[in-house]
Amino acid sequence: MVAISFAAPGTARDESTTPDHVTAESRFGHGSIEGKVRGTNLGPQVELPSGIWIYCRRSCSETLRVETIDFFEANINSPPQPGQGGVGSECGIFGCLDFNISH
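What you are looking at is a predicted structure, and each value in this text was computed from that prediction instead of being measured.

Caption draft 1: Main features of the pattern of salt bridges. In this structure the tally under the stated criterion is 3 salt bridges. Residue Glu67 pairs with Arg57 through a salt bridge whose shortest N-O separation is 3.1 Å. Of this pair, Glu67 sits in helix α1 (residues 60-67) while Arg57 sits in the loop between β4 (53-55) and α1; the two residues are 10 residues apart in sequence, bridging distant segments of the chain. A relative accessible area of 7% places Glu67 in the buried class. Residue classification places Arg57 among the partly exposed residues on the basis of a relative accessible area of 21%.

Now the structure itself:
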């Protein structure tokens, strides 16, 4: 199940459309993980295994994936900081698009 967030940051959301949990699957063969989701007046949050709640970025499942099972791959070129890195590593509404350019 994938949750997609369409509300702009800082806008109120209808909590009835927020799922109660999401499943994220690794892009690098690390398995999958489930996390609880809660709606807030600033947007949905997903719970990390440590018990910390962070705001969902593009989607709650992608935020969970990047911040947990694919954390090291998402932060390979930046200092690892939970909740900060990886928005560029999240897949969009068309899935994960990888571009291979050869000369």
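On we go.
Caption draft 2: Structural view of the sheet that holds strand β1 (residues 21-25). Strand order in this open sheet of 4 strands is β1-β2-β3-β4, and the pairing throughout is antiparallel. Every other strand in the sheet has two partners, leaving β1 and β4 as the edge strands with one partner each. The sheet shows a mean angle of 35 degrees between the axes of neighbouring strands, direction not considered. Judged from the 4 bridges that link them, strand β2 (residues 32-40) and strand β3 (residues 43-47) form a sheet pairing that is antiparallel. Bridged to Val37 within β3 is Val46.

Caption draft 3: Representation of the pairing of β1 within the structure. Residues of β1 alternate between two faces, with Val22 and Ala24 buried on one and His21, Thr23 and Glu25 left unburied on the opposite face. Pairing of β1 with β2, which is carried by 5 bridges, proceeds in the antiparallel orientation. Note that in β2 the partner of Thr23 across the bridge is Glu34. From the end of β1 to the start of β2, which pair antiparallel, there are 6 residues, and Gly29 there has a positive phi angle of about 80 degrees.

Caption draft 4: Representation of the environment of Gly35. Examined against the element boundaries, Gly35 turns out to sit in strand β2. The sequence separation of Gly35 and Pro49 amounts to 14 residues, and the corresponding C-alpha distance is 7.5 Å. When neighbours within four sequence positions are excluded, Gly35 is seen to be in contact with Asp20, His21, Val22, Val46, Glu47 and Leu64.

Caption draft 5: Fine view of the environment of Ser61. Along the chain, Ser61 falls in helix α1. Accessibility expressed as a relative area gives 4% for Ser61, which makes it buried. Sequence separation between Ser61 and Glu25 is 36 residues; the distance between their C-alpha atoms is 8.3 Å. A polar atom in the side chain of Ser61 sits 3.4 Å from the side chain of Ser59.

What counts and how
- Residues numbered from 1 in each chain as written.
- Predicted model: local features only at pLDDT ≥ 70, side-chain atom pairs only at ≥ 80, totals over all residues.
- Heavy atoms only, no water.
- Salt bridge = Lys/Arg side-chain N within 4 Å of Asp/Glu carboxyl O.
- Helix = DSSP H or I, 4+ residues; strand = E, 2+ residues; numbered from the N terminus.
- Buried < 20%, exposed > 50% of the residue type's maximum accessible area, 1.4 Å probe, protein only.
- Pairing = 2+ DSSP bridges.
- Axes fitted to C-alpha atoms, helices over the stretch in contact; angles between N-to-C directions.
- Contact = heavy atoms within 4.5 Å.
- Polar contact = N/O pair within 3.5 Å; in protein donor to acceptor, adjacent residues only side chain to side chain.

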